Amino acid sequence: MIFDAIVVGLGAMGSATLYQLSNLNADVLGIDQFAPPHTMGSTHGDTRITRQAIGEGTYFVPLALRSYEIWQELEAKTGQQLLVKNGGLFIGKEYSDSQMHNKPGWLTTTIRAAEQFGIAHQLLDNEALRTQYPQFRVRPDDVGYFEPDAGFLNPERCISAQLELAARNGATVRTYEQMLSFSETSSGVLVRTSQADYKTRQLILTTGPWITTALANTAYQNLLRVYRQVQYWFDVEDNYTAFIPNRFPVFILSDRDMYGFPAVGGPADGLKLAMETYAQPITANKVNRLVSTAETQQMYERYVVPNFNGIGPKCIRSAVCMYTMTPNGDFLIDRHPDHQRVLLASACSGHGFKHSAAVGQMLAELALQNRTDFDSQPFSLTHFNSPAA
Ligand SMILES: Cc1cc2nc3c(=O)[nH]c(=O)nc-3n(C[C@H](O)[C@H](O)[C@H](O)COP(=O)(O)OP(=O)(O)OC[C@H]3O[C@@H](n4cnc5c(N)ncnc54)[C@H](O)[C@@H]3O)c2cc1C
């Protein structure tokens, strides 16, 4: 048998792609080395921020808007809540050039994107920020952007929903099976895994932080870097009601590389906060998955205390995750530089989840129809100027 498409890697991007391929009645196989959703890659930790005015670049907005539609379609099909629109508050210096996800002027671009696409939002001056959000230690030069339809997604549930629906549509899902190699033949691609050999017309690699191996020995072998990131849940039991979703939005402190969520799991479960670090590139198989006491203490003292009121020092839990970054924080969604029947998506860079449902649609269309209505140019390999750097 020859599949129309095989998807290797069933995290955020791969589960979305498998679901979209199955919607197009293709004969499809999805393979993962673990059993998604799992905690070994880039898609775990209960929550991911979603928003519509995308400060990383206005060309992301169509992906975000389409993804909102797909999340809602998935909710209707599964009867599960995947998306909570409790609002997003993004705080920083007005006209600051400071960056988020390697994107300078992030807050300014967010406001521009909202204006360009007619996305509902409010701008808050310093006084309004202080009055409305006493949970934050607002700096004298901070201003705010509030987007009422922003909020958070449950990434584990999104993956499960898409894999379940794909299987219901006839897709085959193989877990605990690792792809070892692939090779192009005259009629397709031969995929060798730890369990079997498979033939396919198109191969889609959505292997997250493991994708660097797919680019080894190509002109783009140094394009991607993987970085360890930590998610922390700090204690808010004494002030729990100040942090519940209808009082406390998802937030990004763009001048401080910090973001976080309301308390979603009950008073004893804490509030999830994280900051971004790009100190040292790592590899997915060698990442240090332990979070030390010193690391947690530093997070509390350097990032929590100066920026919040009402969050306690007790860290209830933490989780290590990985960002896969291009040099400018854009996504890579393109054909493999040396294999025309192989598509790659490394749509991570710390902001990929919110777009993943639409990225899945884009990849499915490219694989089966060799075209897509999405503008894929900003995500193409040629978009990156110095692949050898
Ligand atoms: C801490 C953190 C916070 C984030 N916060 C946000 C946020 O708030 N909002 C947002 O939009 N985005 C956010 N992101 C980014 C977003 O989560 C990622 O863009 C997205 O989850 C990446 O998904 P992926 O499918 O590319 O990778 P993964 O989910 O890691 O999936 C890759 C899959 O490939 C499998 N695989 C790899 N190699 C093989 C092989 N050889 N054979 C078989 N299977 C293989 C793995 O087992 C894995 O299941 C965050 C990321 C992190 C790490």
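Source: prediction; values computed, not measured. (Residues numbered from 1 in each chain as written. Predicted model: local features only at pLDDT ≥ 70, side-chain atom pairs only at ≥ 80, totals over all residues. Heavy atoms only, no water.)

**Digging into the environment of leucine 363**
Then step 1. In this fold, leucine 363 is placed in helix 7 (residues 356-369).
Then step 2. Separated by 11 residues in the primary sequence, leucine 363 and phenylalanine 374 place their C-alpha atoms 10.0 Å from one another.
Then step 3. Apart from the residues lying within four places of it in its own chain, the contact partners of leucine 363 are Thr17, Ile204, Thr206, Ile333, Leu343, Leu344 and Ala345. (Helix = DSSP H or I, 4+ residues; strand = E, 2+ residues; numbered from the N terminus. Contact = heavy atoms within 4.5 Å.)

**Overview of the site of the ligand**
Then step 1. Close to the ligand lie 36 residues, the nearest being Asp32, His38, Thr43, Ile49 and Cys321.
Then step 2. With respect to the ligand, the backbone of isoleucine 49 contributes an N or O atom lying 2.7 Å from an oxygen atom.
Then step 3. Taken by itself the ligand offers 1000 Å² of open surface, and the protein chains cover 97% of this.
Then step 4. Those elements giving two or more residues to the shell around the ligand turn out to be helix 1 (12-23), strand 3 (48-50) and strand 20 (315-325).
Then step 5. Take the shell around the ligand: its biggest share by element is 3 residues, from strand 20.
Then step 6. Tallied by class, the residues present in the shell around the ligand amount to 17 nonpolar, 15 polar and 4 charged.
Then step 7. Viewed by domain, the shell around the ligand spans two of them, domain 1 (2-44 + 155-222 + 328-383) and domain 2 (87-150 + 225-325), each represented by three or more residues. (Near = heavy atom within 4 Å. Polar contact = N/O pair within 3.5 Å; in protein donor to acceptor, adjacent residues only side chain to side chain. Areas by Shrake-Rupley, 256 points an atom, 1.4 Å probe, with all protein chains shown as cover. Nonpolar A, V, L, I, M, F, W, Y, C, P; charged D, E, K, R; others polar. Domains from an automatic or database assignment.)

**Here we look at helix 7**
Working note: α-helix, 3.6 residues per turn, so residues spaced by three or four point in the same direction.
Then step 1. The end-to-end C-alpha separation of helix 7 is 19 Å, in line with the 20 Å expected for 14 residues at 1.5 Å each.
Then step 2. Within helix 7, burial applies to Ser356, Ala357, Ala358, Val359, Gly360, Gln361, Met362, Leu363, Ala364, Glu365, Leu366 and Ala367.
Then step 3. In this structure, the buried residues of helix 7 make contact with helix 1, helix 2 (61-78), helix 5 (155-168), strand 14 (197-205), strand 21 (332-336) and strand 22 (339-346). (Expected span 1.5 Å × (residues − 1). Buried < 20%, exposed > 50% of the residue type's maximum accessible area, 1.4 Å probe, protein only.)

**A short note on the packing of helix 1 against helix 7**
Then step 1. Following both chains from N to C, one finds helix 1 and helix 7 inclined at 55 degrees, their axes separated by 7 Å at the closest point. One finds that helix 1 runs oblique with respect to helix 7. Handedness of the crossing formed by helix 1 with helix 7: right-handed. Contacts from Ala12, Met13, Ala16, Thr17, Gln20 and Leu21 in helix 1 reach Ser356, Ala357, Val359, Gly360, Gln361, Leu363, Ala364, Ala367 and Leu368 in helix 7.
Then step 2. Looking at the contact of helix 1 with helix 7, its residues break down into 10 nonpolar, 5 polar and no charged. (Axes fitted to C-alpha atoms, helices over the stretch in contact; angles between N-to-C directions. Parallel < 35°, antiparallel > 145°, perpendicular 65-115°, else oblique. Left-handed = near helix turned anticlockwise from the far one by under 90°.)

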